[in-house]
Amino acid sequence: MTGRPSPIPPNTGSHDLPVSPALDAFMATAWAPTPLPAEDRVAGYAAMPARRAALAAAFPGERLIVPAGRLKVRTNDCDHRFRPHSAYAWLTGLTGEDQVGHVLVVEPDGEAVLHLRPRSPRGGGSSEFYRDRRYGEFWVGRRPDLAEAERLTGVRTVHLDDLGKLLTGPQPPTRLLAGVDPELDALAGRPSAALRAGDDRLEAVLAELRLVKDAWEVEQLQLAVDHTTAGFADVVRELPAALRHHRGERWLEGTFDRRARAEGNGPGYETIVASGAHACVLHWIRNDGPLDASRLLLLDAGVETDTLYTADITRTLPLSGRFTGVQREVYELVLAAQEAGIAALRPGASFRDFHHAAMRVVAEGLAASGVLRVSAEEALHTDSGLHRRYTLCSSGHMLGLDVHDCAKARAETYLDGVLAEGHVLTVEPGLYLQPDDETLPLELRGIGVRIEDDLVITADGARLMSSALPRTPDGIEEWMGGLLG
Ligand code: GLY
Ligand code: MN
Ligand code: MN
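To keep things clear, this report deals only with the structure shown in the data block. (Residues numbered from 1 in each chain as written. Chains lettered and ligands numbered in written order. Predicted model: local features only at pLDDT ≥ 70, side-chain atom pairs only at ≥ 80, totals over all residues. Heavy atoms only, no water.)

**Considering the pattern of salt bridges**
If you walk through the whole model with that rule in mind, you get 35 salt bridges. For E137, the salt bridge goes to R119, with nearest N and O atoms at 2.9 Å. In this pair, E137 is assigned in helix α5 (residues 137–140) and R119 in the loop between β5 (112–116) and α4 (128–131), connecting sequence segments 18 residues apart. Using a relative accessible area of 12% as the deciding quantity, one classes E137 as buried. Salt-bridge contacts for D453 lead to R315; the nearest nitrogen and oxygen are separated by 2.8 Å. Of the two residues, D453 sits in strand β17 (residues 453–457) while R315 sits in strand β13 (residues 313–318), which places them 138 residues apart along the sequence. Since its relative accessible area comes to 0%, D453 is described here as buried. We classify R315 as buried; its relative accessible area is 1%. Within this structure, R210, K213, D402 and D405 form a network of salt bridges that share partners. (Salt bridge = Lys/Arg side-chain N within 4 Å of Asp/Glu carboxyl O. Helix = DSSP H or I, 4+ residues; strand = E, 2+ residues; numbered from the N terminus. Buried < 20%, exposed > 50% of the residue type's maximum accessible area, 1.4 Å probe, protein only.)

**Quick notes on unusual backbone geometry**
In this structure, L392 takes a positive phi of about 65 degrees despite not being glycine. Within the fold, L392 resides in the loop between α14 (376–380) and β14 (424–427). For L392, a relative accessible area of 38% puts it in the partly exposed group.

**Some words on the packing of helix α2 (residues 48–58) against helix α9 (residues 200–209)**
Interaxial distance between α2 and α9 falls to 11 Å at its minimum, and their mutual angle equals 145 degrees. Every pair of crossing elements has a handedness; the one defined by α2 and α9 is right-handed. Within the contact between the two elements, α2 uses A54, L55 and A58 and α9 uses R201, L202, V205, L206 and L209. When grouped by side-chain class, the residues that make up the contact of α2 with α9 number seven nonpolar, no polar and one charged. (Axes fitted to C-alpha atoms, helices over the stretch in contact; angles between N-to-C directions. Left-handed = near helix turned anticlockwise from the far one by under 90°. Contact = heavy atoms within 4.5 Å. Nonpolar A, V, L, I, M, F, W, Y, C, P; charged D, E, K, R; others polar.)

**Details of the site of ligand 1**
What surrounds ligand 1 is the set Y269, H283, D300, D312, H397, H404, E428 and E452. D300 places a side-chain nitrogen or oxygen 3.1 Å from a nitrogen atom of ligand 1. Side-chain polar atom of E452 to an oxygen atom of ligand 1: 3.1 Å apart, as the coordinates give it. Burial of ligand 1 by the protein amounts to 94% of the accessible area it has alone, namely 200 Å². Of the residues assigned to the shell around ligand 1, the class counts are one nonpolar, three polar and four charged. (Near = heavy atom within 4 Å. Polar contact = N/O pair within 3.5 Å; in protein donor to acceptor, adjacent residues only side chain to side chain. Areas by Shrake-Rupley, 256 points an atom, 1.4 Å probe, with all protein chains shown as cover.)

**Considerations on the nonpolar core**
L55, V66 and L104 are the most contacted members of the largest nonpolar core, which totals 89 residues. Broken down by element, the residue count for this core peaks at ten residues, all from helix α10 (residues 215–244). Residue contacts for V66: discarding those within four places in its chain leaves L55, A87, Y88, L91, V103, L104, L177 and L206. Among the nonpolar cores identified, the runner-up in size contains 17 residues, and A344, F354, Y414 and L419 belong to it. (Core = buried A, V, L, I, M, F, W, Y, C linked by side-chain atoms within 4.5 Å.)

**Points about the coordination of the manganese ion (ligand 3)**
Around a metal, the ideal angle is 109.5 degrees if four donors adopt a tetrahedral arrangement and 90 or 180 degrees if six donors adopt an octahedral arrangement. The coordination sphere of the manganese ion (ligand 3), as far as protein atoms go, consists of D300 (OD), D300 (OD), D312 (OD) and E452 (OE), spread over 2.1 to 2.3 Å. Considering all six donor atoms around the manganese ion (ligand 3), the spread of angles at the metal, 57 to 171 degrees, places the coordination shape in the irregular class. Between the two metal centres, the manganese ion (ligand 3) and the manganese ion (ligand 2), the spacing is 3.3 Å, with D312 acting as a shared donor. Taken together, the residues span a long stretch of sequence, with D312 in the loop between β12 (303–304) and β13 and E452 in the loop between β16 (447–450) and β17 at a distance of 140 residues. (Donors = N, O, S within 2.8 Å, 3.2 Å for Na, K, Ca; no water. Tetrahedral: all angles 85-135°; square planar, octahedral: opposite > 155°, others 65-115°.)

**Topic: the state of the cysteines**
One pass over the structure, following the stated rule, counts zero disulfides. In this structure C406 is not part of a disulfide, and its nearest cysteine sulfur, from C393, lies 19 Å away. (Disulfide = S-S within 2.5 Å.)

**What to know about the packing of aromatic side chains**
Tallied over the entire structure, the rule returns nine aromatic pairs. When the centroid spacing of 5.1 Å and the interplanar angle of 55 degrees are considered together, the rings of F323 and Y331 count as tilted. For Y331, a relative accessible area of 0% gives the class buried. An aromatic cluster of three or more residues is present, and its members are W31, F129, Y130 and F138. Residue placement shows R117 over the ring face of Y135; its charged tip is 3.5 Å from the ring centre. Note that R122 overlies the ring of W31, its terminal NZ or CZ placed 5.0 Å from the centroid. (Phe/Tyr/Trp six-rings, centres within 6.5 Å; stacked < 30°, edge-to-face > 60°. Lys NZ or Arg CZ within 6 Å of the ring centre and 35° of its normal.)

**Re the coordination of the manganese ion (ligand 2)**
Every protein donor of the manganese ion (ligand 2) is listed here as D312 (OD), H397 (NE2), E428 (OE) and E452 (OE), and their distances to the metal cover 2.0 to 2.1 Å. What the six donor atoms of the manganese ion (ligand 2) show is an angle range of 51 to 156 degrees at the metal, which sorts the shape as irregular. Summarised as a motif, the one-chain spacing of the donors to the manganese ion (ligand 2) is D-x84-H-x30-E-x23-E.

**A word on empty space enclosed by the protein**
If you walk through the whole model with that rule in mind, you get one cavity of 30 Å³ or more. Here the largest cavity is characterised by a volume of approximately 70 Å³. Lining the largest cavity are A43, M48, R51, A89, W90, G93, T95, W216, T307, Y309 and L401. Mapped onto the lining of the largest cavity, the elements with two or more residues apiece are α2 and α3 (86–92). Across the lining of the largest cavity, the residue classes break down as seven nonpolar, three polar and one charged. (1 Å grid on protein atoms, 1.4 Å probe; cavity = no way out; pocket = protein on both sides within 12 Å on 5 of 7 lines; lining within 4 Å. Points joined across faces, edges and corners; volume = space filled by probe spheres on them.)

**What about the sheet that holds β14?**
One open sheet holds the three strands; their spatial order is β14-β17-β18, and the pairing between them is antiparallel. Among the strands making up the open sheet, the edge pair consists of β14 and β18 (462–464). Along the sheet, successive strands turn relative to each other by an average axial angle of 35 degrees, direction set aside. Sheet analysis places β17 next to β18, joined by three bridges and oriented antiparallel. Across the sheet, residue I457 finds its bridge partner in β18, namely A462. (Pairing = 2+ DSSP bridges.)

Here it is as structure tokens:
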């Protein structure tokens, strides 16, 4: 296979040995053709044209640029694993690590064009395929060539090197999804650039178009939930070994993440494994503590599928296999709040309704137990919110390609909007009773409980996608007992 030589020298490491002309000439010869199977298509292929058409329709007569993103250095000459931006993945179906630097352009007439770095040419003046640590086929694996990528996606493809030409000279009104590809951002920052970066409307529309999930997306999310369920069971089975390890939280992080990498693309976000008072830190991802058999374990984790849809589930488990009386009391209050939140989910309900329903239960419970020294009514008044000292965050969010999905949607379509069939979201109330909180009786200090489930809004309510994981204290004890033998 031949192709155009890369205009830039290969990304080699300081410890790579020089290459002689004889070796370079030898490397350019005698490679058998290895075409991709002709029938291969991206997952979700059928849905993509309508997505791109909906985007084009929102900006008639404009050129829209949606980059996949760039590699980020982790250490010296080693990069973080690459994951394409969710909007790019949603519009193209291209979800692989090979999408580094690729760019989707939707032209003013609505035609989509993919600007890609094709498969490394073999020879023809290019040594990329065997010398380039970032993009060489022998270093990071094979990419499709332009014709293959066109067949895979149904989108016209051109070489990435041609993007610069497209963005210089006279241009139609152009919007760039900013903050994804620093090189394109820099281009847009030039005084002469016709490119409008930092454009909130493109970002918002891309988020809003993704709010309602189609049937295939719901299937992908269910797959993510099902793999996550398996990962939670793995963690419970691993508890005896983790309890013996001096950093049992890390041990369990590895257990869950192994499942996530084995079944999907990986964890959809950094896995939270919080033992005892660590559970009072909402996003405890240090995971460097030991496990104490008398305490609770909060596990907040999600498998991201190969198609990049993620689950987001939390269970709070007694490490001994049995809740103590106090642990059970706190747990049951959170569970009641979650039940109230779930009961408020239906098409047409305000997005904030489920949060308010859950918070009413929390405030009433805290007032009844004497923790809250004002009435629930008083606490729930917007001028007060005193109950929030113990619960801190909102009770859920949209879920999809991103764990906090569609976060750039405008308030009127999301936070101040209404629920619709096909929305997928979490309901995740919690109580976080800080270990140093002097308003609390000693026995409550250092208990953190969150219960988080994933739900899809249906025609007349909501379906619990994560129902395979028990939520009641009795159900959890029985499930753990079964797994631990
Ligand atoms: N795992 C992050 C969240 O629950 O929102
Ligand atoms: Mn969540
Ligand atoms: Mn979570």
